[in-house]
Amino acid sequence: MREPKLIDYTLLVVLALIWASAFFNIKIATESFGPITIAFLRVFFGSIPVLLLCLYKKIKIEAFSKDWYWFAIIGFVNLVAPFFLIAYGVKSVQSNLAAILMSTTPLSSTVLGHFFTKNEKFNFIKTFGILIGFSGIIYLFSDNFLINDNNYISALLILLGSTCYVVGGVLTLKISEKKNENVTGSILIWAIIILIPLVSFIEKPWNITPSLESSISVIYLGFVSTGLAWLLRFRILKSNGLIFQSQVSYLIPIFGIILSYIFLDELITDKVLISLLAVLVGLYFVKKAGSKSYEKRK
């Protein structure tokens, strides 16, 4: 891995902006589309740039190889379930809250990593970071103006969606020897296969007359926030490694709040800002502990 340059930091910021922009676009998409349709269109449009890259680089797609069941399981856990849960939840809560809730993914992955990996055990700094971060989320749920009896289940579903990403990441370790592009292309194919019967029998999107704004948002979610974002993530990982790429976690909730205010005029309360600060502090300590562990293993 080389020393990060200006272009690397620029790409990191661009990736954070792309992922952060997904939240307000999901909110716009829910005005016309159901959550299953949004999930299907995301993986369908998102698969196009990834599969084209694999074709260009002559990377074999192993979606239907002997490991097909791993691709199918990861496709469901890492794409189908979270895309559905987030879209379902964002319909009832502000998209800026979703950005904060989803930013807990590194905290959840640290907890699961302790139990399912050999080199990611808890220490004092990690534990402190996890407690601070999740205390921010608990405090966010005390904001009765934004999260109340009518939508707290939706907020919990978004949290569940973030946990699905973590579980999907753990499952991906089972096929970690395969190329990232192959794995991503294969799980996208299986996500499409899983979602086709669900979207056809449950939501029947061909009966929908979507607004132009929702249509643009769902296409953007697929091509940019899913497909292009994954390709950009590959580029950053290959050039600078996981530790550098993981810094995107700090930027996503910040950009998510800013973008939701600009495009949707969503309310930003004091509790939202305090919760965001707590999550960012928690992420800082978890990342700091993780970086030290990584350096020791080197």
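Residues numbered from 1 in each chain as written. Predicted model: local features only at pLDDT ≥ 70, side-chain atom pairs only at ≥ 80, totals over all residues. Heavy atoms only, no water.

K.L.:
Please clarify how the nonpolar core should be interpreted in this entry.
P.N.:
In a soluble, globular protein the nonpolar side chains are often hidden away together inside. Counting 82 residues, the largest nonpolar core has Val43 and Ile100 as the members making the most contacts within it. Counting residues per element, this core draws most heavily on helix α1 (residues 6-29), at 13 residues. Ignoring anything within four residues of it in the chain, the contact list for Val43 reads Leu79, Phe83, Leu188, Ala191, Ile192 and Leu195. (Core = buried A, V, L, I, M, F, W, Y, C linked by side-chain atoms within 4.5 Å. Buried < 20%, exposed > 50% of the residue type's maximum accessible area, 1.4 Å probe, protein only. Helix = DSSP H or I, 4+ residues; strand = E, 2+ residues; numbered from the N terminus. Contact = heavy atoms within 4.5 Å.)

K.L.:
Whenever I open this one, a nonpolar patch on the surface confuses me. Can you help?
P.N.:
Taken together, the side chains of Ile258, Tyr261, Ile262, Phe263, Ile268 and Leu273 present a nonpolar region at the surface, about 590 Å² in accessible area. Element by element, the count of residues in the nonpolar patch is highest for helix α10 (residues 248-264), at four residues. Following the sequence through the fold, Phe263 ends up in helix α10. Since its relative accessible area comes to 51%, Phe263 is described here as exposed. (Patch = residues over 30% accessible without salt bridge, like charges linked within 9 Å, V, L, I, M, F, W, Y side chains within 5 Å. Areas by Shrake-Rupley, 256 points an atom, 1.4 Å probe, with all protein chains shown as cover. Salt bridge = Lys/Arg side-chain N within 4 Å of Asp/Glu carboxyl O.)

K.L.:
Any chance you could explain the pattern of salt bridges here in plain terms?
P.N.:
Side-chain pairs of opposite charge can arise whenever the charged atoms involved come near each other. For the structure on display, the rule yields five salt bridges. The partner of Lys57 in a salt bridge is Glu181, and the shortest N-O contact between them spans 3.1 Å. Of the two residues, Lys57 sits in the loop between α2 (35-56) and α3 (68-90) while Glu181 sits in helix α8 (residues 180-203), which places them 124 residues apart along the sequence. Overall, the relative accessible area of 39% leaves Lys57 in the partly exposed class.

K.L.:
Help me understand α1 in this model?
P.N.:
Helical geometry note: an α-helix holds 3.6 residues per turn, so side chains three or four residues apart project in the same direction. With 24 residues, α1 should reach 34 Å at 1.5 Å per residue; the first-to-last C-alpha distance of 34 Å fits that figure. The principal kink in α1, of about 30 degrees, is found at Phe23. α1 sits mainly inside the fold: 17 of its 24 residues count as buried. (Expected span 1.5 Å × (residues − 1). Bend = angle between axes of the 7 residues up to and from the residue.)

K.L.:
When you look at the environment of Glu3 in this model, what are you seeing that I'm missing?
P.N.:
The residue Glu3 is located in the segment before α1 in this model. For Glu3, a relative accessible area of 64% translates into the label exposed.

K.L.:
Looking at this structure, I do not really get unusual backbone geometry. What am I missing?
P.N.:
Of note, Lys58 is a non-glycine position whose phi angle comes to about 55 degrees, a positive value. Among the structural elements, Lys58 can be located in the loop between α2 and α3. The class of Lys58 is exposed, set by a relative accessible area of 75%. In the Ramachandran plot, Lys204 falls in the positive-phi region, its phi being about 45 degrees despite a non-glycine side chain.

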